[in-house]
Structures are given as C-alpha cells and as structure tokens.
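# Close look at the chain arrangement
The lines below spell out each chain.
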Amino acid sequence: MSDASTDPDKIEGPTPDNAMRAAAAADRDDGPMLAADGTPLKRSLARSLRVQKMRALMLIAPLLIFVLVTFIAPIGDMLFRSVENQIVSETLPRTTRALADWDSTSGDLPEERVYEGLFYDLFIAEARKEHTRLGTRLNYEQTGMSSLFRRSGRSLDDVSDIYLDQFEDLDEAWDEGRPWAELMGDPEWIAEQEAFDAAEDEGQMPRFQLRDGIEDVLPRAASTYETFARFAQVEDEDSPLDEEPWGLVHTALYYDLMEADVASYDGPQADLLQAADAAVGGFESVTFKEGLLEIDEDWGSTETWTTLQMYSPDYTSGYFLNAVDMQKTADGPALRDADERIYGLLFQRTLFMSLVITFSCIMLGYPVAYLLSTLPARSANLLMILVLLPFWTSLLVRTSAWKVMLQQQGVINDVLVWLGLVGDGSRLVMINNQFGTIVAMTHILLPFMILPMYSVMSTIPPSYVRAAKSLGATNITAFRRVYFPQSVPGIGAGSILVFILAIGYYITPEIVGGTTGTFISNRIAYHISSSLNWGLAAALGSILLVVVLVLYWAYDRIVGIDNVKLGG
Amino acid sequence: MKFSKTLMATTALTVAAAGTVYAAAHAEMADSMTLVSWGGAYQASQQKAYVEPYLENNSDVSISWDESSAEAVAKLRAMNEAGNVTWDLVDVVAADAIRLCDEGLAMEIDHDESLAAAPDGTEASDDFGDLIVSDCFIPQIVYSTTFGYRTDMVPEGAEAPNDICDVWDLETYPGKRALEKRPINNMEWALLCDGVAKEEVYDVLATEEGQDQALAKLGEIKDEVIWWSAGADTPQLLADGEIFMGSTYNGRLFSVIEEQDQPVGMMWDAQVFDLDGWIVPADLPEDRLARVMDFLSFATDTQRLADQAKYISYGPARESSAPLVGQHAELGIEMAPHMPTDPNNAQNTFLYNYEFWADYRDDIDAKFQAWLAQ
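What counts, and at which threshold
- Residues numbered from 1 in each chain as written.
- Chains lettered and ligands numbered in written order.
- Predicted model: local features only at pLDDT ≥ 70, side-chain atom pairs only at ≥ 80, totals over all residues.
- Helix = DSSP H or I, 4+ residues; strand = E, 2+ residues; numbered from the N terminus.
- Buried ≥ 20, exposed ≤ 12 C-beta atoms within 10 Å, placed from the backbone.
- Contact = placed C-beta atoms within 7 Å.
- Expected span 1.5 Å × (residues − 1).
- Core = buried A, V, L, I, M, F, W, Y, C linked by C-beta atoms within 7 Å.
- Nonpolar A, V, L, I, M, F, W, Y, C, P; charged D, E, K, R; others polar.
- pLDDT = per-residue confidence, 0-100.
- Pairing = 2+ DSSP bridges.
- Right-handed = clockwise from strand over helix to strand, strands pointing away.
- Axes fitted to C-alpha atoms, helices over the stretch in contact; angles between N-to-C directions.
- Parallel < 35°, antiparallel > 145°, perpendicular 65-115°, else oblique.
- Left-handed = near helix turned anticlockwise from the far one by under 90°.
- Domains from an automatic or database assignment.

Across its full length, chain A holds 26 helices and two strands. Along the three orthogonal principal directions, the C-alpha set of chain A runs to about 115 × 95 × 50 Å. For chain A, the proportion of its 568 residues judged to be buried stands at 35%.

Shown next as structure tokens:
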C-alpha cells in the first residue's frame, strides 16, 4: 500500500511528518521551531487553534447572544437598581446641590437658599408630576415623606400666587403670554413660533430660545421661564406665546427685581419691567422658608432634611443596608430596632429549610433511585412514569393538594382521628408552618433528586457488588465500600439541583408556609409586586445570588464539582 | 403597530363599505381593548353588566381580559419602563389607583367631561362625590372587608358573634380565625378592641406605642390565626370548617352563604369600606384612548353600575345607582340588604384611610412582618 503517492516520506507540503522533519532541521539550526510552511510552529499552532475556537464560538453564538440579551442583561439591570438613586438628584437638582454643605448634626435648619432651591425644584417637579414619585421613594426611608410631597405639591401655588396676584394687580400684561414671551424670547424664535402657530401644523414647535442678554439682567426669571416655555411646548403642546407662565416665574421675577437694577434696560417691554421694578419694593412677600413651613411643618424638621441629604447621592448603600437589617443614620450605618429586623432571620431560615428539604429528598430519593436502577426494564419504566407524573401536574395543584391533606380538617387528621390515634380536639397542626413547607417542597422537588441519582446508579455495573460479595464482604460492607461511593456523584448533582431550586422557591411557601415557613423569596416578591420597593428587592436578590455562589464555591472546594454527574 | 393600523384601516373600510354612517364617527377608535380585572365572580359581573351590553352596540370591537389586577401596579410600572403598555383599562383598588397616579402611570381624568351625568342631570363628579379619591380614579363599587363565621360552630348558649371584639374572645368563641397577612385593617380592629376610640385610631396608630399596642393586642390571638393572602382563602377555610371566623371581602362571603349555601353567617360590625374602580394607563395612543373613553363613559353610567349589583353584592359607587339596585340575576333575592352600604349593615363602619396608609404602609408593614416571623 505504500506507493510513491501515499508514502509519508515522499509527500511534499505541510504534513505532520514534514513538519517534524522541518522542526528537527530547524533545531539543528538553533532557530525557532518552524512549521512545514516555514512559519514558526508556535504561531502556526496558535492560528489553527484560533480558527477552531472562532468556529466553536460562531456555533454557540446564537445561544450566547440569546442568554446575554434575555437573561444576563435584565438580571444585571435589575441588580443595578439595588444601588441606583438618581431620582433624588434628578427631581431636586437645586436642592441637593445647595444642601450638600449643610451640617445635619448642627441641629439648625438649612439656610434660605436651600428652601429657595426646594421651592423651584418642587414647583417644576409638580408640573411634571414627578414629586409624588420621589415622595414614594423617600417614604421607604422615612415615614410621612409620601404625604409631605403630595401635600406640598398641592399647595405650592399658595406661595407663588402671592407674587402672581401682585404683578397682575400692577399690570394685566403680566397675566398674559405675549408680553412674557417678548421679554424673554429670542425675536427670531418668536417669529418662527408665530409662523408655526399660524400654519396650525402638527409636528414639532420651534424650540424656545432665550433672548441674548436677558439672563444677565434677570437670571432667575429667565431660567424658570425657559423651563416653563420648553415644558409648555413639549408636554402640553401649547404655544408659549399664548400661555401665561407659572406663578413660579413671577416669584423668580420678584426676587430678580429686588436685586437687579433694570433702569438701564432698553429691550422689549422695558416700560412694563421698569414699572414693576419700581413697585416690587412695596410688594408683600414671604421667604421661601416661611412659605414652605406654612404648607407643611415637616419642612421645619431636621429629620426630613437629614433624610434628603443622606439620599442625595446618585448611588446609595441604603437598600443593601436595609436588606441586612441596618439603616443609614447621621452617624453612619446602624442596626435597626429589634422589632424591625426580619431579613437576617429570613435568610437563615431559607438556608436552613433548603438544607432540610435537600436532605429529606436524599433520604427519600435514594431508595427509589436504587430500585429504579436494579428493577427489570418493564417495571422500571412503570416506576419511572410514576416519578415523572408530578411534572405533568401544575405546581399550584400539587401545593393545594397538600393543603387538603395536611389541614386540621384534612385527610390525614381525619384518618388519625378515625383510627383513634389523636383526639378530635387535639388534631395535629401540620400546615401553615415550617413542617407544611418542608413536606410540600420535598414532594415537589423529589424528582429533581431521583433523576440524576438514577442516571448515575444505572451506570454502576452490578458485577462490582457481586465481586465484593464473592470476596467475602457482607451486604452492608459491599454497599458501603463499593456501591455507595460510586453513587455519590449522583447525590451531589441532585443535591445541588434541589438546593438551588429550593432556595428561590416562593409559591409553595406562600401557600402552605403560614408565618414561620416563608422564605426570603416571599419578601422579594412582596417588594416587587406590592410595596414597589424594587431597590430593596434587588438588594435582597443580589445577596441571595451571592450566597448561592459562595455555597457553590464551597461545595466545589469540599466535594469537587468534577464529582458531580448528571448521567453516564 | 403597523399591523394594528392595517387592521384598523381594513375595519374602517369594511364598515364604510357596509354603508353605515357609524363608521365616520368611530373610525379613529381602536377596535380592540384589553381590560384588566380580578378574575372570578367579580370579573364575570363586569363582563355581564358592562362588556356584553357594550358589545351589543359595538359589535366590531373585540375585548379581552387580563386577570392581573392584584399585580397591576408592578406590571404597569414594568410596562411603562419597557415603553409598551398593552393594557387599556385597569381595575384596581383605590389605594393602588392613588399610587399609580403618584407614579405618573395613570392618566388624570376630568370626571365631568369624560363620564356620563346621572339621569337627573347631576354631574358625574357630584354623583360619585367623595369616592373620587384621586384624579386618576373612576370608582365602580364600594366593597367592604368584614368577618364571616361558621354558624354551626357557635357554642351552644352563646349568641352569634356580632361585635368586632368577639374575634378576640377566645373563651366564648373558641376556634381558629383567619386574618389578612398585612397590617391594614387588622391594626385598626386591634386598637378598637383595646379600648381606643374610633376617631382616635389613626392618631394612636401613628405613634410607636400605638403600633406596639396594636401588635400586642393581635398577639393575644396570634396562635389561633391563619394568615391569608388571597381573597379566596377565607371562604375556603370557612367551607372546610378549618376556622371559626375570618375576614374577607363581603362579596366572597355572599357567594359562600347565598350561592353555595354553606352554614356561614355575616358579621358586619366594624366593616372597613374600600373602593374599587378603573384607571386609564398614561400615554395611550389616541385611537386606543378614544375607544377606552367611549367604553368608560358607557360602563360607568348610572344604569350599568346598578346592573353590576345583580351579579355580585358590591355597592354601586354612584349615588344615583343605589335606588336602581334590584334582584340577583339567578337567585332572585333582593340585593339591597346584602350591600355593605345598606343602613342595617353600615351601623359601625370604617373607611380605609388612604392618606394614612400611603405614609405608614412601609414602616408598619416592616414591623408587622417582623412580628409575624417571630
């Protein structure tokens, strides 16, 4: 068979033999080892490996992208919420800036400029309907914030109307959109807006532009008017030319005029402005602090401001502290009151009960898996169907069935009373407690234990045990020293599966767990769907994830993940 | 979006081709709508009282239900963040409506403009009156959370329980109780039975001592309580004889007593009124919004609200509907005496304090859950 064309020594080109020969030759030359085509062997190998890797990657790419997009990214996004806190600085930008250097331990209330910032921020937030959202957020940290923000939002007009009314009394023009637009707006923008209004088109309005220089004369009023005008254009789709500005703009104008000198101002509406400037000195006014305290006295409590300051940063550790039964205080993190600590207890209980459930699954599942693997195929198949049957039944149905079985007027208690084992008055309490959860969850998770055990056990040759016995081992010794060690990988796989499933369960504990048999996941579900405190839910979820990963790591160190087999 | 536009266009064309004037007025309305409700008998009553009559006049509309009201706030928030709100009209309890309004997830409604006036011309906002607890909320029904008890388990010689404090009287009325697994209502009842005057309950509950006092009072019966989280739990527990008495929604008890004929009695004392109604999700596209508002105006008129009471024992939210409440559609019994608002039943009542619980919910719930877990 070794003619000229197939003899390895005769073939030219990049074959393994030629490569070795070339390498040997290269060795003799003391240069780098070369592949058959003359490139260094190392690079050549790396290239062919890279191509293989790329091909493998391409093959799994659809799955990888799917998992990344639909699983990892949403989870990452959710977990990120556990530290995210931009809502405070976004809703109250001026307040948080001004509050930054307030000393919460001094016992004094913040200065007037903080109240001024708060008034502006709240007014704008109220127009955007964002203040109540912030109130809900802060209410997680301090009781009463929710109604404080809602009430304040409703009553801000009480303060701004003081100025609005006085400007109006002075000159009706202050009550109209047009004079304001001329005072504040860029003439070019006014022309464009007029053209747009006349055309009555759908579509985007020409974006409002401040007139050059007006910001230097009236800084506060210009910036608030700009906010108002853009808001009117985008949210309400009204032309700022026809819209009377918010009372906030009048308020800002009052403070500008009190400070600024507009005698030399000669732009549009100069007469109107100068007349107002002459009059504002006699205006009735309240400070922002007085105004806000009038609206709600909680603005005069340092506690409110401490909370606001503490939660001003864009990222917060507050949710995580809360998740480990601690809270932020002015002197750093501190434990919560004993009667509010719950998460530590729930984490412990979740871990403990998951371990108990895993252990009872092993105890119940091992004999079944052994039986399955030793019975003849016909009966084993029948038994297998029985094991798989629960998978075809809804989880809720299986859990509710346990209610019927275990409750005090339930099947088991009835049988026991009928047999005379327990008195009618002292029926056993087997549900709405830990016992109920353990029983129901063991039943539900049992197949996840049996299946990996079975697949490992069915690969253990029966001849090994026979050999052990023929060498004089008793039944027990043969099982203990020969059979059991070989079935351990199945136990390991089943345990990991059951334990990790158990730790995240919440439907079953919710239905049969009562108060002592609920898991941490029940609280997570509560915070996601009822209290809407997604930040806290995310923090609790992150901790749970870390706990599971640590346990997995410990398991790998102790048992070794290579000793886990799901089959053959 | 494109698909639904094509669908809309096709429908409009078909209807126009049929030569009806109708099409002109309705062309800009979407032809399908997703309503969200609670499922069960309540949703069925809405289907019969609102949806079926509406479809008789608008046969080209298809209406589908989503039974998600219990998680409506969380789901709406998620939909809003994902930028794809698939619901058109959502049935929620008033407290959730307030929260949705606070979060900017529900649309503010001008009640007089959007809703039909009463037959005598009373404006909608006056007809609903104080029940409009939020600008986003369109009330439908008044329901109450109250107690039911097993009539056959009342000890011999004892009167049937008729006082909220009988819940705490384990000597006269032994047996388990079912209470909801949340502080709302339970805390109020506990204080009431611990000697706090009705008017002062919320002032007391706002203090740490008051909260501890309420928990201590609940502690007296803690061992005898099964805590429920779904409205169907208590009726089931009562029917099984698992508990002696338990709190739940009055409509559920009506169904156990009258429809399923169980030996269960109603205790109306200190019932807590609450409201349930519609909200419209914020930022709906125009065609869908037009359809929803058309339906809404129909479904909340005086007659429709009164009709709903034929199927379930919840009181209509309009004052003008009350005199129209008639007999049960199948059982033929008068519904008025089964309404929580009936004068005989409403001798001692509470109204869910929305403002208080919006503030204290997070705080008291943390305490309550910690107390439960101990």
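A few words on the overall build of chain B. Counting secondary structure elements, chain B contains 15 helices and 10 strands. The buried share of chain B, taken over its 374 residues, is 48%. Look at the contacts in chain B between residues 6 or more apart in sequence, and 72% of them connect residues 24 or more apart.

Bringing helix H5 (residues 112–127) of chain A into the picture now. Here H5 of chain A spans 23 Å end to end across 16 residues, near enough to the 22 Å set by a 1.5 Å rise per residue. A positive phi of about 60 degrees marks Lys129 of chain A, the residue just after H5 of chain A.

What follows covers the nonpolar core. If you look at the biggest cluster of nonpolar residues, it comprises 158 residues, and the most contacted ones within it are Leu445 of chain A together with Ala97, Leu100 and Ile279 of chain B. The element that contributes the greatest number of residues to this core is helix H21 (residues 434–457) of chain A, accounting for 14 residues. Excluding residues that lie within four positions of it along the chain, Ile279 of chain B makes contacts with Val90, Val92, Ala97, Leu100, Ala106, Cys136 and Phe137 of chain B. Core analysis: the second largest hydrophobic core is formed by 56 residues, Leu122, Leu183, Ile190 and Leu292 of chain A among them.

Our focus in this paragraph is the interface of chain B and chain A. By a frequent convention, interface size equals the accessible area lost on bringing the separate parts together. Residue-level contacts link 27 residues of chain B with 30 residues of chain A. Secondary structure elements with two or more residues in the side of chain B that touches chain A: helix H4 (72–82), strand E6 (225–228) and helix H15 (354–373) of chain B. With 14 residues, the top contributor of residues to the side of chain B that touches chain A is H15 of chain B. The residue makeup of the side of chain B that touches chain A, split by class, is 11 nonpolar, four polar and 12 charged.

What follows concerns the environment of Ser426 of chain A. You can see Ser426 of chain A is positioned in the loop between helix H20 (411–419) and H21. Sequence-wise, Ser426 of chain A and Gln408 of chain A are 18 residues apart; in three dimensions their C-alpha atoms are separated by 9.3 Å.

Moving on, we get to the confidence of the model for chain B. Residue and element names in this part refer to chain B. For chain B, per-residue confidence averages 90 on the pLDDT scale, and 93% of positions sit at 70 or higher. The low-confidence segment residues 11–26, where pLDDT is below 50, has nine contacts with residues more than four positions distant or belonging to other chains. Scoring the predicted complex yields pTM 0.86 and, for the interface, ipTM 0.86.

Our next topic: the pairing of strand E2 (residues 62–66) of chain B. A regular strand places its side chains on the two faces of the sheet in alternate fashion. Residue and element names in this part refer to chain B. For strand E1 (residues 32–36) and E2, the ladder comprises five bridges, and the chain directions are parallel. In the sheet register, Met33 faces E2, and the bridge partner there is Ile63. Considered for its hand, the β-α-β crossover made up of E1, helix H3 (residues 40–57) and E2 is right-handed.

Each packed pair of helices is defined by two parameters, the angle between the axes and the distance between the axes. Residues and elements named next belong to chain A. Where helix H6 (residues 131–139) contacts helix H7 (residues 145–170), the axes come no closer than 7 Å and their chain directions differ by 160 degrees. Between H6 and H7, the interaxial angle falls into the category roughly antiparallel. The way H6 lies across H7 gives a crossing that is right-handed. Side by side, H6 and H7 meet where His131, Thr132, Leu134, Gly135, Thr136, Leu138 and Asn139 of the first sit next to Met145, Ser146, Leu148, Phe149, Arg150 and Gly153 of the second.

This part covers the domain arrangement of chain B. Residue and element names in this part refer to chain B. Domain annotation of chain B identifies domain 1 (2–142 + 276–324) and domain 2 (143–275 + 335–373). Taking the mean C-alpha position of each, domain 1 and domain 2 sit 31 Å from one another. Those elements giving two or more residues to the side of domain 1 that touches domain 2 turn out to be H3, helix H5 (94–102), strand E4 (138–150) and strand E8 (264–279). Looking at the side of domain 1 that touches domain 2 residue by residue, the classes come out as 15 nonpolar, three polar and two charged.

Attention shifts here to the pairing of E1 of chain B. By the bridge criterion, two bridges tie E1 of chain B to strand E3 (residues 89–93) of chain B in an arrangement that is parallel. Each residue of the ladder has a partner; that of Val36 of chain B, found in E3 of chain B, is Val90 of chain B.

In this section: the environment of Leu345 of chain A. Residues and elements named next belong to chain A. By the secondary structure assignment, Leu345 is in helix H17 (residues 343–374). With 14 C-beta atoms counted inside 10 Å, the residue Leu345 sits in the partly exposed group. Expressed as a C-alpha distance, the spacing of Leu345 and Ser379, which sit 34 residues apart in the sequence, is 46 Å.

Bringing the packing of helix H11 (residues 219–236) of chain A against helix H12 (residues 247–259) of chain A into the picture now. Residue and element names in this part refer to chain A. Their axes nearest at 7 Å, the elements H11 and H12 cross at an angle of 165 degrees. Taken together, the axes of H11 and H12 are roughly antiparallel relative to one another. Note on packing geometry: the crossing formed by H11 with H12 is left-handed. The residues of H12 that touch H11, namely those facing Pro219, Arg220, Ala221, Thr224, Tyr225 and Phe228, are Leu248, Val249, Ala252, Leu253, Tyr255 and Asp256. In the contact of H11 with H12, the residues fall into nine nonpolar, one polar and two charged.

Attention now moves to the environment of Ser223 of chain A. Within the secondary structure layout, Ser223 of chain A lies in helix H11. Along the primary structure Ser223 of chain A and Met184 of chain A are separated by 39 residues, whereas in three dimensions their C-alpha atoms are 9.6 Å apart.

All names here are of chain B. Of all the eight residues making up helix H11 (residues 233–240), six are buried; the element is thus mostly covered by neighbouring parts of the structure. Those residues of H11 lying buried are Asp233, Thr234, Pro235, Gln236, Leu237 and Leu238. Contact partners of the buried residues in H11: E4, strand E5 (177–180), E6, strand E7 (245–249), helix H12 (250–259) and E8. Phi turns positive one or two residues past the end of H11, at Gly241, with a value near 75 degrees.

For the rest of this paragraph, the subject is unusual backbone geometry. Positive phi is not limited to glycine here, since Asn432 of chain A has a value of about 65 degrees. Despite not being glycine, Leu532 of chain A shows a phi value in the positive range, around 65 degrees.

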